[in-house]
Amino acid sequence: MQTIDINGVWELSPRDALAIAPYCSYFQSHPTIPCTLPGDIHSALLGQQLIPDPYIGTQELDIQWVGQHDWVLSKTFDVSASLLENSLPVLTLTMADTIIAVTLNGEEVGFCDNQFRRWRFDLSKHLREGGNTIELRFRSAEQAAMEKARELPYPIPYSVYPVSAKHRNLVRKTQCHSGWDWGPCILSFGIYEPIELAFVDEGLIESVNCDTTARADDDWLVTVSLIYNARQAADLPCKAVIADAVQEGLVSTHVGLNKLTFHLCCHNVQRWWPNGEGKAVLYPLELQIGMQTYTKRLGFRTLEVRTEEDVQGGKGMTFCVNGRDIFAKGANWIPMDALFSRIRHERYDQLLQSCVDANMNMLRVWGGGLYEMEDFYDLCDEKGILIWQDCMFSCSMYPATQEFLGSVEAELRYQVPRLMDHPSLALWCGNNEDLGAIGWYEESKAHPYRYVVDYDRLNEGVVGKVIKELDPKRTWWPSSPSSGPGDFSDNWHSDKRGDMHFWSVWHEGKPFEHYYSIKPRFVSEFGYQSFPSLSTVATYAPEDMWNLTSPVMEHHQKNDRGNSIIIENFSRYYRFPNNFEQMLYLSQVQQATAMKMAIEYYRTLLPHCMGTLYWQLNDNWPVASWSSIDYTGKWKLLHYAAKHFYNPALPIAYQKEPGKVEVYVVNDAPRPIEDMKLSVKFCTFSAQKLGKQEYRFTLEAKTSNHICTIDLRKKPKLDPKRTFIYLKLKSDDVYIENTLLLAKPKECSLEDPCLNTVVAEVNGGFSITVSCTNPAFQVALDAGSIKGVFSDNLFDIRPTAQKVVFFKTKDVCTIKQFKDSLKVFDLYGSSR
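Rules of the game
- Residues numbered from 1 in each chain as written.
- Predicted model: local features only at pLDDT ≥ 70, side-chain atom pairs only at ≥ 80, totals over all residues.
- Heavy atoms only, no water.
- Helix = DSSP H or I, 4+ residues; strand = E, 2+ residues; numbered from the N terminus.
- Rg over C-alpha atoms; globule rule 2.2 N^0.38 Å.
- Buried < 20%, exposed > 50% of the residue type's maximum accessible area, 1.4 Å probe, protein only.
- Contact = heavy atoms within 4.5 Å.
- Areas by Shrake-Rupley, 256 points an atom, 1.4 Å probe, with all protein chains shown as cover.
- Lys, Arg positive; Asp, Glu negative; His and termini not counted.
- Charge placed at Lys NZ, Arg CZ, Asp CG, Glu CD.
- Axes fitted to C-alpha atoms, helices over the stretch in contact; angles between N-to-C directions.
- Left-handed = near helix turned anticlockwise from the far one by under 90°.
- Nonpolar A, V, L, I, M, F, W, Y, C, P; charged D, E, K, R; others polar.
- Pairing = 2+ DSSP bridges.
- Phe/Tyr/Trp six-rings, centres within 6.5 Å; stacked < 30°, edge-to-face > 60°.
- Core = buried A, V, L, I, M, F, W, Y, C linked by side-chain atoms within 4.5 Å.

Peer 1: Sorry, what's going on with the overall build of the protein chain here?
Peer 2: For the protein chain, the count of helices and strands is 17 helices and 45 strands. Taking 832 residues into account, the globule formula puts the C-alpha radius of gyration at 28 Å, and the protein chain, at 28 Å, falls close to it. Taking all 832 residues of the protein chain together, the buried fraction comes to 60%. Looking at the protein chain alone, contacts between residues at least 24 apart form 69% of all its contacts between residues at least 6 apart. Total accessible area computed for the protein chain in this model is approximately 31800 Å², and 48% of it derives from carbon and sulfur atoms. Between the mean site of the 84 positive side-chain charges and the mean site of the 102 negative ones, the protein chain shows a separation of 7 Å.

Laid out in structure tokens, this is it:
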């Protein structure tokens, strides 16, 4: 099978140059501009400076016209006579966004209307020898959605955000393209994966799926099912190879779809494990049929999601890999960019490696984004990151028309076989919050049965049915949050069953201590916002806008009350910061503190609670948000905190009741740790030691251990406003510290730590030695716009133990540049 590469530079033009003239007059005198595919139309216009950068200032508002008009991409290419002889020309489009008429030499040859489907079109009647012109005619998704809305017999409501495209739920495209409470409204068009123009001689492999079954010891049976679309009847050689197993032979094909099955017995196989549990071992599978070859990588593992009922009427949720229960530690993943032409392998790799470095083992691919590119899942396979996969429905009602349901079924019949062989894929989930959303909107509250029926027809009648048919061994979870199939409990406020979304702290304004009010089985969404660092703010806001209530800072806050909530909690917990940069720092301290309090407490509930996925890992543009890594790839302080609070072995102290400190040690690693020593010390802010308790024990695997209860009321000489508790957990292989302030930070009589730093050049970056004369809290290092990661950050230090931190640079940087950029923040200095 031969191909012609028609990727690369295409010509872009508006469908109606006169209609866009009020916004862009360029096309009045120039017919086209270049546009690179794979890529998107907004990026092409931005590259020619025909639109302003929507990520800067409030310029997002100035580019809304682009998504409201129609566009055409065209390309001319040559085809030789020899290619047209005895072959079938087939055009394949994937990630085609979204409503596109495909024409060849002036004749329509195909039509796309779902970003998540694979589209294949027969070009044999229209392709000719010599020059050919192909056009992709993009219809405005917003205009098409409004047209569909006018045809509805009753409204289909959806959540609306500060800048929003209308009726995004009626079109099968990335839902957050229409704006979200953390993202811009950039209604993108484009083709985001390589276009394939193939000349099929023998046939075409449509799909390959594998089933792995564990046998005795390390032996596995691999069953490979291959769907082959034969152009003609023929006897073709075929072969399958994986590990030490080979099967080959001859297959007789008939015209049309043929199913081939291989059975391979593999011996001495190493199992695939999630991060922290073992190695993520992968084996290449190599297939051949006729002249075609195909490869993919498989991981051998068993995986189940155990959801047993308990005697208290609850239902657990535990991911079990290779017979071992896993405490899920991770975050929620959103699309890494609003402009999909900027999605690159190296950015996937950086973000996913950051997850591994923070001791994560699971990500939830959120339902308002996209079924991610293949690179994402391949890297998750390599790094041992389990994937909770939402289907692409979020925060809306959806139609239940035959047309819409048919489109969704076709989408899933492509996506499920595409993804199901990845060992990282742990669970299919029907949607994000659509079940709960039935109670959000005036229309659905007034006519609940109408929308419940629509929800059931889509989610159970199509999504669940197709997934259970195609991937019956993997768990189907109807919605997030949910109590599981057939259970419609309120999983925003009930903590007893399945997975929970807990937003009472952020959205309802509850104090951080409210995280202690629940005993969840699995928390798949909860979070707290912060601002990015000054170096990131400077990419979108000029210095005269460095004020939280400036137009630019408010525009880059998509949650209506976001800045107010952050500031309100400054006054609840902290002394007010003394300048703009300290506000940014303190917002990140506050965010990290909120998540630390929640996650450390939930980890002590093991095995009752078996997972925490905070909202959210990443950003799709520079913005104030719930992310732990900002749009530039810079770790916020929360991500450094996550590296600490997700450490496999961790000492934890918290005050659920005033005056009563509970001390735990948890270990979710697969092996026990012998000869463990825990020190619990009481110290003043002037470095005076008030007492110490020590404990020695073997820390068993997969356990939470209550060590002691400290009743501060029985320590009358201890002043909570002048004292903190310092925990140190130590063995031959473990050394980790933790700290608990006994009063709110604003109430604490902190002493000036008189911080001192010494910077030295080391292999791969720089070392920073931090010392103090009085205990220092929430010490944060910031390298400005220099790209890299600190080995540790957001730490507390004592006068008796200086801290040495390494900064691994991504780019070439001199020691002078680093010293000039380095800033050191701490809690004491933030308000002085």
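Peer 1: Would you mind going over the packing of helix 6 (residues 345–357) against helix 7 (residues 374–383) with me for this structure?
Peer 2: The geometry of a pair of packed helices is captured by two quantities: the angle between their axes and the separation between those axes. It is the contact of helix 6 with helix 7, at a shortest axis distance of 10 Å, that shows an interaxial angle of 35°. Every pair of crossing elements has a handedness; the one defined by helix 6 and helix 7 is right-handed. Where helix 6 approaches helix 7, its residues His345, Tyr348, Asp349, Leu352, Gln353 and Val356 are matched on the opposing element by Asp375, Phe376, Leu379, Cys380 and Lys383. Residues that form the contact of helix 6 with helix 7 fall into these classes: six nonpolar, two polar and three charged.

Peer 1: Please clarify how the pairing of strand 35 (residues 689–699) should be interpreted in this entry.
Peer 2: It is a general feature of regular strands that their side chains alternate between the two faces of the sheet. In this structure, strand 34 (residues 673–684) lies alongside strand 35, joined through nine bridges in antiparallel fashion. From the neighbouring strand, Lys677 faces strand 35, where its bridge partner is Arg696.

Peer 1: In this structure, what is going on with the packing of aromatic side chains? I would like to understand it.
Peer 2: By the definition in use, this model includes 54 aromatic pairs. An angle of 85° between the planes, with centres 5.3 Å apart, marks the rings of Phe116 and Tyr371 as edge-to-face. On the criterion of sequence distance, the pair formed by Phe116 in the loop between strand 9 (107–112) and strand 10 (118–122) and Tyr371 in the loop between strand 25 (362–365) and helix 7 is long-range, its members being 255 residues apart. Tyr371 shares its class with Phe116; the two are buried. Here Phe724 and Phe777 contribute two aromatic rings whose centre-to-centre distance is 4.9 Å and whose plane-to-plane angle is 85°, an arrangement assigned as edge-to-face.

Peer 1: Whenever I open this one, the nonpolar core confuses me. Can you help?
Peer 2: Burial of nonpolar side chains together is a common tendency in soluble globular proteins. By size, the foremost hydrophobic cluster in this structure holds 171 residues, and its most contacted members are Tyr614 and Phe818. Per-element tally for this core: the top contributor is helix 15 (residues 580–604), with 14 residues. Among the nonpolar cores identified, the runner-up in size contains 51 residues, and Ala44, Leu91, Ile195 and Val623 belong to it.

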